[in-house]
Amino acid sequence: MFQLGERLRLCASMVRPGCALADIGTDHAYLPIWLAKQGMISRAIAADVRPGPLERAQQNIERYQVQHLVSARLSDGLDAFQPSEAEDIVIAGMGGETMVQILSRAPWLKNAEKHLILQPMTTVSTLRHYLAVQGFTVLREQAVQDEGRVYSAFLTVYRPDLAQEDALYLQIGKLKADTPDNRLYIRKRIEQLQKKASGLARSGKQAEAEPLLRLIEQLYSMLEKDVAN
Ligand SMILES: C[S@@+](CC[C@H](N)C(=O)[O-])C[C@H]1O[C@@H](n2cnc3c(N)ncnc32)[C@H](O)[C@@H]1O
């Protein structure tokens, strides 16, 4: 058996034991195969929009002999799914904007029973904003280092009564500064915000830079507070 990398292992840790899983953008299908091998899911559909990755997924499903639990399906996002086929849905390793497109075409996800486990690579704030506006709340979030990069993954469900959106949430979601990897993720966000604020200041847009500078201060104080505790 193969070892699952830290990034996918974090996603796997958020999947409910015994669930019916959909892995969207599965590519190699390592995540559902690994979960099936651990006896942690009742069944899984490994879906991809491109035939090449799907063929790779099918080959791996056969190679690791989990055909009875995992099937491969050609699907753009969740378009080729019935709501009853997926309880936990993982979408990992793609951009936040692509995830927004996928989620917006599956209104049946607005059901507190469905668990979404998301690990976006880019445009994370766009995704966070979309989720909050649509009534999704983040139940759990954690960052992890994998092959020299830091990623965040989160578990989100439809709970309009709990959904929140503020400037801090859009940057770091529900992360707390309580693990080295979470702290690293927060530091990376600070660096990105600093670059953006400097660019704005250089082009004379001080008023637009001000909220970013306040946000940077808030993030620094999170890091400092946690060291003090
Ligand atoms: C970088 S791979 C990520 C593989 C795996 N999920 C991971 O995190 O390691 C992204 C995969 O998403 C697939 N993909 C991109 N857009 C998609 C969509 N709209 N629906 C389904 N799959 C998609 C790509 O074909 C590719 O195989």
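Above this note sits the structure.
Structural notes, computed from the coordinates. Remember, it's a predicted structure, so these values are computed and weren't measured experimentally. (Residues numbered from 1 in each chain as written. Predicted model: local features only at pLDDT ≥ 70, side-chain atom pairs only at ≥ 80, totals over all residues. Heavy atoms only, no water.)

### A look at the site of the ligand
Then comes step 1: Surveying the vicinity of the ligand reveals 17 residues, the closest of which are Arg7, Gly25, Asp48, Asp76 and Gly77.
Then comes step 2: Taking Arg7, its side chain carries an N or O atom lying 2.7 Å from an oxygen atom of the ligand.
Then comes step 3: Within the side chain of His28, an N or O atom sits 3.5 Å from an oxygen atom of the ligand.
Then comes step 4: Computed on the free molecule, the ligand has an accessible area of 600 Å², of which 82% lies beneath the protein chains in the complex.
Then comes step 5: The greatest single-element share of the shell around the ligand, amounting to three residues, is contributed by strand E4 (residues 88-94).
Then comes step 6: Among the residues forming the shell around the ligand, the class breakdown is six nonpolar, six polar and five charged. (Near = heavy atom within 4 Å. Polar contact = N/O pair within 3.5 Å; in protein donor to acceptor, adjacent residues only side chain to side chain. Areas by Shrake-Rupley, 256 points an atom, 1.4 Å probe, with all protein chains shown as cover. Helix = DSSP H or I, 4+ residues; strand = E, 2+ residues; numbered from the N terminus. Nonpolar A, V, L, I, M, F, W, Y, C, P; charged D, E, K, R; others polar.)

### Brief notes about the nonpolar core
Within soluble globular proteins, side chains that are nonpolar generally end up buried alongside one another.
Then comes step 1: Val15, Leu21, Leu35, Ile41, Val70 and Val90 are the most contacted members of the largest nonpolar core, which totals 31 residues.
Then comes step 2: Looking at this core, the elements with two or more residues in it are helix H1 (6-13), strand E1 (19-24), helix H2 (30-37), strand E2 (41-48), helix H3 (51-63), E4 and strand E7 (149-158).
Then comes step 3: For this core, the element with the most residues is H2, which contributes five residues.
Then comes step 4: Beyond its immediate chain neighbours, meaning those up to four positions away, Leu35 contacts Ala12, Val15, Leu21, Met40 and Ile41.
Then comes step 5: Listed in part, the 28 residues of the second largest apolar core include Ile89, Leu109, Ala132 and Tyr169. (Core = buried A, V, L, I, M, F, W, Y, C linked by side-chain atoms within 4.5 Å. Buried < 20%, exposed > 50% of the residue type's maximum accessible area, 1.4 Å probe, protein only. Contact = heavy atoms within 4.5 Å.)

### Regarding the sheet that holds strand E5 (residues 115-120)
Then comes step 1: Spatially, seven strands are ordered E3-E2-E1-E4-E5-E7-E6 in an open sheet, and the strand pairing comes out mixed. This sheet does not close on itself; its edge strands, each paired only once, are strand E3 (70-74) and strand E6 (136-146). Within this sheet the neighbouring strands show an average axis-to-axis angle of 20°, counted without direction.
Then comes step 2: Pairing between E6 and E7: ten bridges, direction antiparallel. (Pairing = 2+ DSSP bridges. Axes fitted to C-alpha atoms, helices over the stretch in contact; angles between N-to-C directions.)

### Quick word on helix H5 (residues 124-134)
Then comes step 1: When H5 is considered as a whole, its buried residues turn out to be Val124, Leu127, Arg128, Tyr130, Leu131 and Ala132.
Then comes step 2: Tucked inside the fold, the buried residues of H5 contact helix H4 (96-104), E5, E6, E7, helix H6 (167-172) and helix H7 (180-202).
Then comes step 3: Gly135 occupies a position one or two residues after H5 and carries a positive phi of about 100°.

### A short note on unusual backbone geometry
Then comes step 1: Positioned with a positive phi, Gln65 is a non-glycine residue whose angle comes to about 55°.
Then comes step 2: One can find Gln65 in the loop between H3 and E3.
Then comes step 3: At Glu147, a residue that is not glycine, the phi angle is positive and equals roughly 45°.
Then comes step 4: Among the structural elements, Glu147 can be located in the loop between E6 and E7.

### Side note on the packing of H1 against H2
Then comes step 1: H2 packs onto H1 with a crossing angle of 55° between their chain directions and a minimal axis gap of 10 Å. With respect to their mutual orientation, H1 and H2 come out oblique. Between H1 and H2 lies a crossing of right-handed hand. The segment H1 lies against H2, with Leu8, Arg9 and Ala12 engaging Leu31, Trp34 and Leu35.
Then comes step 2: Class assignment of the residues belonging to the contact of H1 with H2 gives a composition of five nonpolar, no polar and one charged. (Parallel < 35°, antiparallel > 145°, perpendicular 65-115°, else oblique. Left-handed = near helix turned anticlockwise from the far one by under 90°.)

### A short note on the packing of H4 against H5
Then comes step 1: Relative orientation of the contacting elements H4 and H5 amounts to 25°, with a least axis distance of 7 Å. Between H4 and H5, the angle falls in the class roughly parallel. The element H4 and its partner H5 pack so that their crossing is left-handed. Residue-level contacts link Gly96, Glu97, Met99, Val100, Leu103 and Ser104 of H4 to Thr126, Leu127, Tyr130 and Leu131 of H5.

That's the geometry; what it means functionally is another story.
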